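Residue-level listing of the chains:
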Amino acid sequence: MLSRTQIKPLMKKLAIKEEKNAVLFLARLEGWIKSNGNTKTSLAKGINTILEDIHKREIQKAKELKKINLEGIKHPYLKKYGKEIIELHQQGWGVRRIQKWLWEAHKAKISHSSIHRFLKQQKSLLEA
């Protein structure tokens, strides 16, 4: 697997916004090569197909992020990680577990009560 310094230029060249999508692209391309061979046309078709899918996902994620109600939220980490907090809560994670995960994954210190209020404010997203 490529290191972080090798993935960043790849992300720029392919217009991929998130690092995890670049890693996903590499994994899917490897699977495509194994199943369809290593010819020029096969590679070109595989790259185009995978990139279209990744760009569609990024556009969809951007649209979903616009739906999050950030009105009245002053905490910078809640604004930054709001989408992840909602996704984890929809997977059944509790507020304290989300708080611990944010600290371990991002070193973001957010009180459980702030996370709870944020989730309460986002009721329309949680019910859908």
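Just above sits the structure.
About the criteria used
- Residues numbered from 1 in each chain as written.
- Predicted model: local features only at pLDDT ≥ 70, side-chain atom pairs only at ≥ 80, totals over all residues.
- Heavy atoms only, no water.
- Helix = DSSP H or I, 4+ residues; strand = E, 2+ residues; numbered from the N terminus.
- Rg over C-alpha atoms; globule rule 2.2 N^0.38 Å.
- Buried < 20%, exposed > 50% of the residue type's maximum accessible area, 1.4 Å probe, protein only.
- Contact = heavy atoms within 4.5 Å.
- Expected span 1.5 Å × (residues − 1).
- Axes fitted to C-alpha atoms, helices over the stretch in contact; angles between N-to-C directions.
- Left-handed = near helix turned anticlockwise from the far one by under 90°.
- Nonpolar A, V, L, I, M, F, W, Y, C, P; charged D, E, K, R; others polar.
- Core = buried A, V, L, I, M, F, W, Y, C linked by side-chain atoms within 4.5 Å.
- Arc of directions from axis to C-beta.

## Some words on the overall build of the chain
Move 1: Scanning the chain from N- to C-terminus turns up seven helices and zero strands.
Move 2: Along the chain, helices (α) and strands (β) appear in the sequence α-α-α-α-α-α-α when read from the amino end.
Move 3: By the compact-globule yardstick of 14 Å for 128 residues, the chain is too spread out, its C-alpha radius of gyration being 18 Å.
Move 4: Reported as C-alpha extents along the three principal axes, the dimensions of the chain are approximately 55 × 30 × 25 Å.
Move 5: Burial status across the chain gives 29% buried among its 128 residues.
Move 6: Taking as baseline every contact in the chain between residues at least 6 positions apart, the subset at least 24 positions apart corresponds to 51%.

## Details of helix α4 (residues 76-90)
Move 1: With 15 residues, α4 ought to run about 21 Å at 1.5 Å a step, and its terminal C-alpha atoms sit 22 Å apart, in line with that.
Move 2: Inspection of α4 places L78, Y81, G82, K83, I85, I86 and L88 among the buried residues, and these make up the whole buried set.

## Concerning the packing of helix α5 (residues 95-106) against helix α6 (residues 112-121)
Move 1: Remark: α5 packs on α6, axes separated minimally by 9 Å, with the N-to-C direction vectors making an angle of 115°. Considering only the axes of α5 and α6, their crossing is right-handed. Between α5 and α6, the contacting residues are V95, R96, I98, Q99 and L102 on the first element and H112, I115, H116 and L119 on the second.
Move 2: Classifying every residue of the contact of α5 with α6 by side-chain character gives five nonpolar, three polar and one charged.

## Structural notes on the nonpolar core
Move 1: The biggest cluster of nonpolar side chains holds 16 residues, and the ones touching the most others in it are L78, I85, I98, L102, I115, F118 and L119.
Move 2: Among the secondary structure elements, those contributing two or more residues to this core are α4, α5 and α6.
Move 3: It is α4 that contributes the most residues to this core, five residues altogether.
Move 4: Setting aside its immediate chain neighbours within four residues, I85 contacts L78, I98, L102, I115, F118 and L119.

## What to know about α5
Residues separated by three or four positions in an α-helix point in the same direction, a consequence of the helix having 3.6 residues per turn.
Move 1: In a regular helix each residue adds 1.5 Å, so 12 residues correspond to 16 Å; α5 covers 16 Å between its end C-alpha atoms and thus fits that length.
Move 2: Those residues of α5 lying buried are V95, I98 and L102. In an axial view of α5, the angular spread of the buried residues amounts to 55°, which keeps them on one side of the axis. In α5, the exposed positions angled more than 90 degrees off the buried face are occupied by R96, K100 and E104.
Move 3: Residues of α5 that are buried in the fold lie against α4 and α6.

## Some remarks on the side chain of S42
Move 1: Along the chain, S42 falls in helix α3 (residues 40-67).
Move 2: You can call S42 buried: its relative accessible area is 11%.
Move 3: Discounting chain neighbours no more than four positions away, the residues touching S42 are W32, N36 and G37.

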